[in-house]
Amino acid sequence: MEVLKQIIENINYIGALALFVIGLYTVVTHSNLIKRIIGINIMGTGVFYFFVSIGNVVGGNPPIVDLDNGNLIYINPLPSGLILTGIVVVVSITVYSLSLVVRIYETYGTIDQDEIAKIIDQETFDD
Amino acid sequence: MDDIILRTISRLIIPFIEIYGVFIILHGHVSPGGGFSGGAILGTSLILYTLVFGVEKAQKKFSHKVSDIAESGGILWFILIGLVGIFVTGYFLTNINAGFPIGEPGLLLSAGMIPLLMIGIGIKVASTMITLFHTVIEEAHHGSA
Amino acid sequence: MIEQLPILNLVLLLTTALMIPFTQKISFKTTKLVGFTVLLTVLVSTLFILLHVQSEGAFYYHLGGYPSTIGIEFYVSILSAFFTLFVIALGTLIYVYSTRDIEHDVYAQDYGRYYTLLFILLFSMLGIVYTNDLFNTYVFMEILSITTCSIISIKRSKKNYTAAFRYLMLNEVGSLSYLFGVALIYMVTGYLNIDLAAESIQQVWHLYPANIVIALGFMIIGVSIKAAIFPFHIWLPDAHSTAPSASSALLSSIVVKVYIIIMIKVLLRLIGIDILEALNIPVFLTIIAASGMLIGSIFALGQKDLKRMLGYSSIAQIGYIVLGISLMSSLGLTAALFHIVSHGMMKAALFLSAGAFIFLRNQRAINGFNGLGYQMPISMAVFSIAGLGMIGIPGTSGFISKFNLGVAILDANQWFLLVILIMSGVLNAMYYLPIMINAFLKDNPEKNRVMQFEKLPKVMLVPIVVLGLMIVLVGLFPNSIMSYIEAAVAMLLA
Amino acid sequence: MKNRDYFRRSIESYNFQSIVLVSMLVAMLGFFFAYIINGFGFKTWLDSSVNLATIFFFIYRQRWLPLLIIGLPVVGGIGQFVIGRNICSVRDTWVIVTTFLTILFILFLYPLAIVEGFYFEVPYLLGFGLTFSIDMVGFIMLLITSILWFLVMLYSHEYMKHERHCNRFLFFMAMTYSAVLGTIMSGDLLTMFLFFEMMTFASYVLVTHGQKDESYSAGYNYIFMGLIGGFAILAAMILLFVHVGDVRFQSAIAVLSTLGSVRYWIIGLLIFGFGIKAGMAPVHVWLPRAHPVAPTPASALLSGIMIKVGAFGMIRVATSYFFPETFVIGTIWETMETIGFVVIWLGIITMAVGVFLALQQSHIKRMLAYHSVSQMGYIVLGIGVALYLGYKGAMGYTGAMYHIINHALFKSLLFMVAGVIYLRTRENDMYKLGGLWRKLPITAVICLIAALGISGIPLFNGFISKSILHHGIVEAYEYGHRSFYYAEWVFNVISAGTVCSFIKLFSYTFLGKLPEQYKDMKSQFMSLHIPMFVIAGLIILIGVFPRFILDGFIVPALCCTTYDPNFIQTYVVGLAFFTSEDLLSMLFVVVLGYAIFYAGKRWHLFHLHLPHWLRLEYMIFYPINRLMRLACRFMYGGQCRINPLMMSRIDLDAKNDVGFLERFTLTASVFNRRYENLIIKSDALIYTLILTGILGYLLLRI
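Residues numbered from 1 in each chain as written. Chains lettered and ligands numbered in written order. Predicted model: local features only at pLDDT ≥ 70, side-chain atom pairs only at ≥ 80, totals over all residues. Heavy atoms only, no water.

Caption draft 1: Structural detail: the overall build of chain B. Helix and strand counts for chain B come out as five helices and zero strands. In chain B, which comprises 145 residues, the proportion classed as buried is 39%. Taking all contacts inside chain B whose residues are at least 6 apart in sequence as the whole, residues at least 24 apart take part in 62%. (Helix = DSSP H or I, 4+ residues; strand = E, 2+ residues; numbered from the N terminus. Buried < 20%, exposed > 50% of the residue type's maximum accessible area, 1.4 Å probe, protein only. Contact = heavy atoms within 4.5 Å.)

This is how it looks when you write it as structure tokens:
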């Protein structure tokens, strides 16, 4: 029961870690480049989720100045602010890697990493 | 996507999206919102335009030249505002310490330099989103330069 | 006023990067001139910062005037002042070199973009070195990795795309690991500022050891990927060998070193030696470094492409640096920081001269170097000096770092590391010496045997020669930079 | 116009110049020697007529003199590039004049050398500052180096006309010279290491000067063994620096004797490092390959001077760090005894290996190179005795120093003779030569003198040092371990072997039947004979008047060390040469040598070769090579797609007897091809594994 309670209390951290691991698994196992990028995105989501959930205060309000009642328990706005930056970074990396994938597809005719490696092997042996 | 319904609806909806984007940008300092979110919305409107009307037409509306200027200009504006802080109090990007008003909920022009910064960020984000989208699309269309 | 210089440097570099698309429209020549002026200005200002820090002591700079608990803070210590000078000095030399070399590697329409990227690269490196904030470090790191990646793929050839993609994937995994570590640290300490977080960690270490340990593991591995420390070196040879020569020099000699600076910050300033030793982290680092020193060299030995070989050699040399850090003593750190500088110079010289061979003779294959010393005597001579430095011949800066490292190793009473150090030196000799010997002493039947005057363009020749001279001068007068490094080490271990 | 032509011709007339220079040298050295040993009352006369004390004091204040001496050859080397790209003799004259000036300045060092404790420091260089110090031992080395270098440079003018890349050769010769001088004058180990490495690299170019396949392979051997030696010295230096805190050549025994086994590591690494350069037995393999392939002037100097620098290094480090500050008797010499015991046997093994292999050679220069190994064994033996006997080791020290001088003279002369023979006949194989004394009478006489010198015949210089070394080994037996009784026997047999092989050299080359193709060769006097005369003269002079060197140089050098002064006074100063005992043992050696020669010729023993599996390289490297080959095959056995061409190349190489380094490179490249892409492909996997590993470990730890 204790364990269950612990899990429920920390469900957001566990979820974040699960997302991170799922993303990592995708990156490791898939040879499709697009899927790898998706994996990176999932990893990123996991980290951001973790970061945002750090700032959570139980019973806290959104950090907007509320003029009417004097409830001053806000959740920590800083992680959210930081994660905004993180999201921008991951978006740009995703876009950049997608454009690279487009180029790779043009030059190699495939987006499968193993096949690309085979083509590169072939070329180095031909040298 | 040569579809009359899409085109008409987009024509109708895009100005509203843009207005909403500008609204968000301008409210960053006193309410939820800000340069990044507003800029993203603004950018989305143009992405929608590209999706519906095609890259060529969108390029005419928002060419590389314009996006170059917008992107650089956004950051340069940000840097310029930041430098003002140095001249006023000796710290880059100073706001509160420089004696500007802290900001009052509900009042648009009450937060010193922050609205100005947000405008720069909004322009930058909007143009970046469009440029990124266009670049990917173009590469898929035309191949390597 | 001096307090404003760090931020002004950053702003200046960023502005230049943004202005280049416009100056490019005027002419390429203007762009080059503007860039060079800016770099000189930044160089002078970093020099001023260093002198100021040396006389007045370290200072903090608060962006926006916010207190360090919530705001971003720059910490300009003698370490950051010295390393920004190092980064900018090497960057300037490589910039000068690239103004001609770029014609060989990059399409004409990309010249402007190349310099934009170059300046953003320098901007983010300066930011990383100055900043005292964990998250800000992450942001600069990401800017750096995206720009690095673009500067690799700007050559628009097949191999560049795959190399850049691999680099991007692995680096992104590394950055996210780092960010995860930052999140865990923030979770228990509530600070992102390194100094405040470090204080807090010392207090909460007994309360939340798991958090800090996991954070440490994530951060070390994240940064190791970016610094190409041995088992995570996988992306480096491809990336560094396919990039344009000037960029390879930049990547190998500075960019990787900047990540090591982050590593030093995280290990020594954030976590602190006590916790590291309680967790046996130094032993890990030692093993990693020692195996990197040997395996990097063995891989380099089997290469057929010159730049790839240099890439693998970088991995071995990073092993030296990590070895110095892993000793966790002031001697070891001194050796490590000195080797950062000396390897930076040597690797830059090697890559730039390799670029010169590619520029003039299209010579990349190692077995085709016969008689090249007669055609390109000056660049080959500098290549030889740098190669001898890698082996550790006295008179070059490599010897000093090797000697210091040896002293540090024996001071820590680990004689088997000395054996590895020497074995690594012999391995280095095995792949650097044949190139020099072939170039200078073997005849090539197709080519003229008479010594020619170097035909390399002046702007490419000057940086190479300056680097060669710097290697020798630092090798002969190591005290000139040793005093700064010792002060920095004293600051780190205080 | 005519005048100008005459002027040019007289400048370019090399014979004229060299005779002038040589006579200047002889006169200068004559005065110098006369001053030192007070011959003909010269010293008394000079002291009374000129106020020498002022001059000495003036020179003593010129502390930058070592820098000047090191710098002069560099100036000469760089200057010759500028001066003469085409005018060969002007260029050579320039080089020789700078060399000559170097001798002059070295002679000026004499007042510094006899006053102990001269130090000159160049601050900040290499972090710790470079120190130069001159003492009498160094001065002996400097003098012999500079004289020989000058003479060999005279010789090289005529010789190098037949070689290409003359400018490069002279430049690196000058660099080597400068490095050798620096090594000798250095006052701490760091400085010595700097110049030592410089010497290795500069002389590498001399070794591979021929640019043939064999010179490259010899050069590979040379440079890598040199590097390993350098690294050994570096390791020892780091050890010394960490434990003692100072690498100056001064007594550190007080600290070292508290260190336990570390002191043996230090001295062992130092002896190994310097021993590689000196051609000591297990690590001599580079020497017989490198010396023959170098051009003759270079090999004369490599054999004459450079390997001595290795021996000098051993003497320097042993007698400074491991000797007490002042003369004491006690357990403080214990370290030295252990080391000396090993070094003596190393020396004897070196002697034996060198002579044994020299007897089988047909290539003249290779035979001489093996003799260099063997003669270095004598020197190492002397050093060993000097260490082993502790405060009584003065005799070994004397023998080693004396033999350094003597060997430098006769070995370089012998190489020069080999060079002349090669120049005239284009033949290096002594079995294909014969009867040359009719065609080359001058060379034959000079060769005879040198051969008598190296064989140790009385009235020639080898006899002197060999008998001193003989005394040394007898003393080691008397005062020390019993096993040296056999060492003395081995010593005699090896001396006989030396005699035998020089009988062989002389008889096969100069006596016997003249081959057909040399019938119409004419006797010719060349300028390269002049330096040879000088060296031959020195050999005889030293042989007849051995006391000059002993009293003028070696006894003052001994006084700088901490040996027992009484011992020096009674045994070294009172040493009697040409005693009947020595002469008799020499006679025995000669007879034995001739007997070996006769037996060898009669039963064709000289053509006997050891089975190849007894070769040192074979024994050490063959198993490793096999192992690496196996590893290659194993790596190719996997699923990796192999280019058949590549495979066949590797197999082909595997069949040939490739060297260790090449094999290693090959294995590395196979390893690389097999696993590089595999590793690169599994990038994220490695990350995951290591991350989980480290996190698991860390979590378990807390």
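What follows picks up the thread again.
Caption draft 2: Structural context of the overall build of chain C. For chain C, the count of helices and strands is 20 helices and two strands. Taken against the 2.2 N^0.38 rule, which gives 23 Å for 494 residues, the C-alpha radius of gyration of chain C at 22 Å falls within 12% of a compact globule. Out of the 494 residues in chain C, the part that is buried amounts to 73%. As displayed, chain C offers around 13200 Å² of accessible surface, 66% of which is attributable to carbon and sulfur atoms. If you average the places of the 26 positive and of the 21 negative side-chain charges in chain C, the two averages end up 16 Å apart. (Rg over C-alpha atoms; globule rule 2.2 N^0.38 Å. Areas by Shrake-Rupley, 256 points an atom, 1.4 Å probe, with all protein chains shown as cover. Lys, Arg positive; Asp, Glu negative; His and termini not counted. Charge placed at Lys NZ, Arg CZ, Asp CG, Glu CD.)

Caption draft 3: Examining the packing of aromatic side chains more closely. Per the counting criterion, the structure on display carries 65 aromatic pairs over all chains. Considering the side-chain rings of Phe180 of chain C and Phe218 of chain C, the 4.8 Å spacing of their centres and the 40° angle between planes classify their relative orientation as tilted. Taken together, the residues Phe180 of chain C in helix α6 (residues 158-189) and Phe218 of chain C in helix α8 (residues 209-227) connect sequence positions 38 residues apart. The buried category is assigned to Phe218 of chain C, whose relative accessible area is 4%. Look at Phe357 of chain C and Phe369 of chain C: their rings are 5.4 Å apart centre to centre, the planes differ by 80°, and that puts the pair in the edge-to-face class. With a gap of 12 residues between them, Phe357 of chain C in helix α14 (residues 330-361) and Phe369 of chain C in the loop between α14 and α15 (372-375) connect regions that are remote in the sequence. By relative accessible area, Phe357 of chain C is classed as buried at 0%. Taken together, Phe28, Tyr95, Tyr111, Tyr114, Tyr115 and Phe119 of chain C form an aromatic cluster joined through their ring pairs. Residue placement shows Lys601 of chain D over the ring face of Tyr508 of chain D; its charged tip is 5.4 Å from the ring centre. (Phe/Tyr/Trp six-rings, centres within 6.5 Å; stacked < 30°, edge-to-face > 60°. Lys NZ or Arg CZ within 6 Å of the ring centre and 35° of its normal.)

Caption draft 4: Fine view of helix α15 (residues 296-321) of chain D. When the terminal C-alpha atoms of α15 of chain D are compared, their 37 Å separation across 26 residues agrees well with the 38 Å that a helix rising 1.5 Å per residue should span. Taken across its 26 residues, α15 of chain D has 26 buried, putting it largely inside the fold. (Expected span 1.5 Å × (residues − 1).)

Caption draft 5: How the structure looks around the interface of chain B and chain C. Contact residues are listed per partner, giving 17 residues for chain B and 18 residues for chain C. For the pair chain B and chain C, the two sides together bury roughly 1500 Å², of which 70% comes from carbon and sulfur. Where chain B packs against chain C, one counts zero salt bridges. Counting across the chain B and chain C interface gives one residue pair in polar contact (both at pLDDT 80 or more). Of the residues belonging to the side of chain B that touches chain C, the class tally is 11 nonpolar, five polar and one charged. (Buried area = accessible area lost by both parts, 1.4 Å probe. Salt bridge = Lys/Arg side-chain N within 4 Å of Asp/Glu carboxyl O. Polar contact = N/O pair within 3.5 Å; in protein donor to acceptor, adjacent residues only side chain to side chain. Nonpolar A, V, L, I, M, F, W, Y, C, P; charged D, E, K, R; others polar.)

Caption draft 6: Layout of helix α18 (residues 415-441) of chain C. All names here are of chain C. Between the first and last C-alpha of α18 there are 37 Å, a value that for 27 residues agrees with the 39 Å anticipated at 1.5 Å per step. Bending of α18 peaks at approximately 30° at the position of Tyr432, with proline Pro434 no more than four residues after it. Burial analysis of α18 places 21 of its 27 residues in the buried class, which makes it a mostly covered element. (Bend = angle between axes of the 7 residues up to and from the residue.)

Caption draft 7: Highlighting the pattern of salt bridges. Residues and elements named next belong to chain C. As enumerated under the stated definition, the model contains 15 salt bridges over all chains in all. The closest approach of N and O atoms between Arg100 and Glu103, which form a salt bridge, is 3.3 Å. Of this pair, Arg100 and Glu103 are both found in helix α3 (residues 78-105), three residues apart, which corresponds to roughly one turn of the helix. When its relative accessible area of 29% is taken as the criterion, Arg100 is described as partly exposed. Accessibility expressed as a relative area gives 40% for Glu103, which makes it partly exposed.

Caption draft 8: How the structure looks around the nonpolar core. Formed by 495 residues in total, the largest nonpolar core has its most connected members in Leu433 of chain C together with Leu189 of chain D. The greatest single-element share of this core, amounting to 20 residues, is contributed by helix α18 (residues 394-425) of chain D. Two domains share this core, each providing at least three of its residues, namely domain 1 (2-602) and domain 2 (613-701) of chain D. For Leu189 of chain D, the residues in contact, after removing those within four places along its chain, are Met237, Leu240, Val247, Phe249, Leu270, Phe274, Val317 and Tyr321 of chain D. (Core = buried A, V, L, I, M, F, W, Y, C linked by side-chain atoms within 4.5 Å. Domains from an automatic or database assignment.)

Caption draft 9: Seen up close, the pairing of strand β2 (residues 73-76) of chain C. Residue and element names in this part refer to chain C. Because side chains alternate across β2, one face comprises the buried residues Glu73 and Tyr75, and the other comprises Phe74 and Val76, equally buried. Bridging between strand β1 (residues 59-62) and β2 involves four bridges; their strand directions are antiparallel. Considered in β2, the bridge of Tyr60 is made with Tyr75. (Pairing = 2+ DSSP bridges.)

Caption draft 10: A look at the packing of α3 of chain C against helix α20 (residues 479-493) of chain C. Residues and elements named next belong to chain C. In the contact formed by α3 and α20, the axes pass within 8 Å of each other and the chain directions differ by 140°. As the angle between them shows, α3 and α20 are arranged oblique. Here α3 runs over α20; the crossing is left-handed. In contact with Ile78, Leu79 and Phe82 of α3, α20 contributes Ile481, Tyr484, Ile485, Ala487, Ala488, Met491 and Leu492. The class makeup of the residues in the contact of α3 with α20 is 10 nonpolar, no polar and no charged. (Axes fitted to C-alpha atoms, helices over the stretch in contact; angles between N-to-C directions. Parallel < 35°, antiparallel > 145°, perpendicular 65-115°, else oblique. Left-handed = near helix turned anticlockwise from the far one by under 90°.)

Caption draft 11: Quick look at the interface of chain C and chain D. If you look at the interface, chain C gives 64 residues, while chain D gives 55 residues. A buried area of about 5500 Å², summed over both sides, lies between chain C and chain D, and 78% of it is on carbon and sulfur atoms. Inspection of the chain C/chain D interface yields one salt bridge. Salt-bridge contacts for Arg308 of chain C lead to Glu676 of chain D; the nearest nitrogen and oxygen are separated by 2.5 Å. Seen at the junction of chain C and chain D, the total is 12 residue pairs in polar contact (both at pLDDT 80 or more). Those elements giving two or more residues to the side of chain C that touches chain D turn out to be α6, α8, α12 (281-301), α13 (306-326), α16 (377-391), α17 (397-411), α18 and α19 (458-476) of chain C. Take the side of chain C that touches chain D: its biggest share by element is 12 residues, from α18 of chain C.

Caption draft 12: Spotlight on the packing of α18 of chain D against helix α20 (residues 461-479) of chain D. All names here are of chain D. In contact at an axis separation of 8 Å, α18 and α20 are set at 155° when each is read in the N-to-C sense. One element, α18, and the other, α20, form an angle in the roughly antiparallel class. Relative to α20, the crossing made by α18 is left-handed. Of the residues in α20, those in contact with Met395, Gly396, Thr398, Gly399, Ala400, Tyr402, His403, Asn406, Leu409 and Phe410 of α18 are Asn461, Gly462, Ile464, Ser465, Lys466, Ile468, Leu469, His471, Gly472 and Glu475. When its residues are assigned to classes, the contact of α18 with α20 shows eight nonpolar, 10 polar and two charged.

Caption draft 13: Structural context of the side chain of Ser175 of chain C. For Ser175 of chain C, the position within the fold is in helix α6. In this structure, Ser175 of chain C is in contact with Tyr138, Met141, Glu142 and Lys226 of chain C, ignoring residues within four places of it in sequence.

Caption draft 14: A look at a positive patch on the surface. Residue and element names in this part refer to chain B. On the surface, a cluster of positive charge is contributed by Arg11, Lys57, Lys60 and Lys61. A total of three residues in the positive patch trace back to one element, the largest contributor, which is helix α3 (residues 55-61). Residue position: Lys60 is located in helix α3. (Patch = residues over 30% accessible without salt bridge, like charges linked within 9 Å, V, L, I, M, F, W, Y side chains within 5 Å.)

Caption draft 15: Quick peek at the arrangement of the chains. Here five pairs of chains are in contact, and chains C and D lead that list by number of contacts. These two, chain B and chain D, are apart from each other, with no contact and a minimum C-alpha gap of 26 Å.

Caption draft 16: The arrangement of the environment of Leu368 of chain D in detail. All names here are of chain D. Here Leu368 lies in helix α17 (residues 364-388). Leu368 sits in the buried class, given a relative accessible area of 0%. Contact partners of Leu368, with chain neighbours within four places excluded, come to Lys411, Leu414, Phe415, Ala418 and Phe502.

Caption draft 17: Just unusual backbone geometry, in detail. All names here are of chain C. Of note, the phi angle at Met328 is positive, near 55°, even though the residue is not glycine. Assignment of secondary structure puts Met328 in the loop between α13 and α14. One non-glycine residue, Asn413, lies in the positive phi region at around 65°. Within the fold, Asn413 resides in the loop between α17 and α18. By relative accessible area, Asn413 is classed as exposed at 67%.

Caption draft 18: Expanded view of a nonpolar patch on the surface. Residue and element names in this part refer to chain D. Taken together, the side chains of Leu459, Ile540, Leu541, Val544, Phe545, Phe548, Phe578 and Leu583 make up a nonpolar region of the molecular surface, amounting to roughly 640 Å² of accessible area. Looking at the nonpolar patch element by element, the count peaks at three residues for helix α22 (residues 529-544). Within the secondary structure, Leu459 sits in the loop between α19 (441-455) and α20.

In short, shape yes, function no, at least from these values alone.
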